[in-house]
Amino acid sequence: METTLDNNINNKLATWNHPYKVAKQFDRRTAYFSMEFAVHQGLKTYSGGLGFLAGSHMRSAFELKQNMIGVGMLWKYGYYDQNRNRDQTLRVDFVEKNYSFLEDSGLEVEVRVNNNYQVKVRAMVLKPEVFGTVPIYFLTTDVEGNDFLSRSICNNLYDSNQETRVAQSIVLGIGGAKIIEALGGADVYHLNEGHGLPAFYHLQNQGKKVQMAFTTHTPERAGNTERNAYYLNNLGFFGNRFSDEEVRQKMTNGDNVNYTVAALRFADKANAVSKLHAVVAADMWKDFSGTAKITPITNAQNLLFWQDSEIKKAWDNKDTKAFDERKKELKNVLFEEVLQQTGKIFDPEVLTIVWARRFAEYKRADLLLRDLNRFEELLNNAKYPVQIIWAGKPYPTDSYAMGVFNRLVGYSKYRSNLAVLTGYEISLSSKLKKGSDVWLNTPRITREASGTSGMSAAFNGSINLSTDDGWIPEFAKNEKNCFVLPQVDYRLPTHQQDYIDSNNLYDILMEKVLPTFYDKPKEWKKITFKAIDDMVPTFTSARMAKQYYKELYLQDK
């Protein structure tokens, strides 16, 4: 088949297929590598926030006419489909995905995985006219000529088998870099988190003089992978098979390679995803020499994609009546989903609180259940009624997170004003952000690098109620554009942090949030509009995409 790297590099495929003339200030050819891209409900190549962030970036890069393409993975079974068992607890399903709108780019390269030196990697392209993004090349090993194991590499996002996870990084990093070479190369190779680290080793092996950029996304251990260097060498992670002495030169922590440390050492420029995260990240990696300075570029979301057009119009005109009417319509859309999934009829006149994001221990989905007496008092308050919705996907082998999800299901099952929803993907996320009154965010301080769900909720008139973590310190004007819990000393034992935060959360809900919503509707609307004022354009991905070009992609003069 005449589709090898050498055959394609000089033909008409060696273009980036932008449907626009690239804007002069964004003309550096930039390849953006990410394990996840969330660009549309119909394309299930994401698990959560990392993908939502990458999807918004690709949309804004298109809107700004930037000279950028995305490089990702085509997951045969997606992350997983979130359904229910007979008792309504969480069921994980893996269903094959097929996308007629992805086109075969004609580009196919080979990478080494373990002792197989001819694992074929094919690139399927999402063209800009489909969903309004820059071109994104999705890589797959599920192609003719690969053996069964090779074809299965791209089955599941974040596969639980560690050898498969390493293989996925090889495909994304080395396979992706070779696809970029087939497309004529790039000036900047940007890794969105460390999953694609083999790209940097490949570029080093090839002697490529290009700019390398890196974004670190989380202080959590799971997002800063570390594996034995000899193990990685045997699997082909470094591109070439190196001697033991050469492998030792690549180690970053004892016998191990920490993906984040290695990427920071390769990178010409690196960033964290909020101002607070930059401080936390700098402290995390301060003992490792030769790393790039970590600057803050705060995450953001795409306004055109996430904001309801009628909410925007009401905000533009400061028309509170139109806002109220549209908000009620959006709440009813969300409540149809609640009815369909749980058999409960929610009231659009009642304050609706939503907690929706990836289920992880530090995010504390069940913080409201920390004191059941106070929680029941909240639920049964006749003067100030509430409705609460939870949604989100736990990692499918995280027994703790799955247990929290199922505990919430059990607790809410027979309560008419509580609901736990499944299917937390772009479509449901949009309904929740547009239909909620309060967006609840409860991570332990310093643990949430940025968080973006509260941004797109605020675009739609949902007021953030949050701990002072991630992006919130850059935005929050307490009781002016959101409600913020008092800071708790993050050095305290976690059970003490949870006790203090839960008490503060109940106090703020009962003394501030509920009385304002019900007794001072004009004040509530003022907070709502002030939040949108302060969101746009500071927390839009248009700002973020411009900042990446200026601070991460342009060469220093």
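This text follows the structure it describes.
Below you will find a few notes about this structure. (Residues numbered from 1 in each chain as written. Predicted model: local features only at pLDDT ≥ 70, side-chain atom pairs only at ≥ 80, totals over all residues. Heavy atoms only, no water.)

Examining the packing of helix 14 (residues 372–379) against helix 19 (residues 494–519)
Here helix 14 crosses helix 19 at 20°, and the two axes come no closer than 10 Å. When the axis of helix 14 is compared with that of helix 19, the two are roughly parallel. For the crossing formed where helix 14 meets helix 19, the hand is left-handed. Here Arg374, Phe375, Glu377 and Leu378 of helix 14 come into contact with helix 19, specifically with Asn503, Tyr506, Asp507, Leu509, Met510 and Leu514. The residue makeup of the contact of helix 14 with helix 19, split by class, is six nonpolar, one polar and three charged. (Axes fitted to C-alpha atoms, helices over the stretch in contact; angles between N-to-C directions. Helix = DSSP H or I, 4+ residues; strand = E, 2+ residues; numbered from the N terminus. Parallel < 35°, antiparallel > 145°, perpendicular 65-115°, else oblique. Left-handed = near helix turned anticlockwise from the far one by under 90°. Contact = heavy atoms within 4.5 Å. Nonpolar A, V, L, I, M, F, W, Y, C, P; charged D, E, K, R; others polar.)

Looking at the packing of helix 12 (residues 309–316) against helix 13 (residues 320–342)
Between helix 12 and helix 13, the least distance of the axes is 9 Å, while the angle of their chain directions is 160°. As far as their axial angle goes, helix 13 and helix 12 are roughly antiparallel. Here the hand of the crossing between helix 12 and helix 13 comes out left-handed. Facing helix 12, whose interface residues are Glu310, Ile311 and Ala314, helix 13 presents Ala322, Phe323, Arg326, Lys327 and Leu330. The class makeup of the residues in the contact of helix 12 with helix 13 is five nonpolar, no polar and three charged.

As for the sheet that holds strand 16 (residues 418–421)
Two strands in a sheet stick together by hydrogen bonds in their backbones, pointing the same way (parallel) or opposite ways (antiparallel). What the six strands build is an open sheet, ordered 16-15-14-17-18-19; its pairing is parallel. Among the strands making up the open sheet, the edge pair consists of strand 16 and strand 19 (483–484). As defined by bridge partners, strand 15 (residues 386–391) adjoins strand 16 across four bridges and the pair is classed as parallel. When the bridges of strand 16 are listed, Ile388 appears paired with Leu418. (Pairing = 2+ DSSP bridges.)

Here's the deal with the sheet that holds strand 2 (residues 68–73)
Spatially, the nine strands line up as an open sheet ordered 5-6-7-2-1-8-9-12-13, and their pairing is mixed. Of all strands in the sheet, those with a lone pairing partner are strand 5 (103–113) and strand 13 (294–296), marking the two edges. Adjacent strand axes in the sheet meet at a mean angle of 25° when their direction is disregarded. As judged from the three bridges shared by strand 9 (residues 211–215) and strand 12 (residues 269–272), these two strands associate in the parallel manner. Across the sheet, Ala213 pairs through a bridge with Lys269, a residue of strand 12. Of the strands in this sheet, strand 9, strand 12 and strand 13 are in contact with helix 9 (residues 259–266), which crosses strand 9 at around 145°.

Some words on the pairing of strand 7 (residues 136–140)
Within a regular beta strand, the side chains point alternately toward one face of the sheet and then the other, so they alternate between its two faces. The buried fraction of strand 7 is high, at five of five residues. Covered by surrounding structure in strand 7 are Ile136, Phe138 and Thr140 together with Tyr137 and Leu139, the residues of both alternating faces. Alignment of strand 2 against strand 7, held across four bridges, turns out to be parallel. Opposite Met73, over in strand 7, you have Leu139 as the bridge partner. Where strand 6 (residues 116–126) lies against strand 7, five bridges are found, and the strand directions are antiparallel. Bridge pairing in strand 7 places Arg122 opposite Thr140. (Buried < 20%, exposed > 50% of the residue type's maximum accessible area, 1.4 Å probe, protein only.)

Regarding the nonpolar core
Of all hydrophobic cores here, the largest spans 110 residues; its most connected members are Leu197, Leu368, Phe375, Ile388 and Leu465. Within the second largest apolar cluster, 32 residues are counted, among which are Tyr20, Phe138, Ala545 and Tyr553. (Core = buried A, V, L, I, M, F, W, Y, C linked by side-chain atoms within 4.5 Å.)

Limitation: the analysis is restricted to geometry and does not speak to function.
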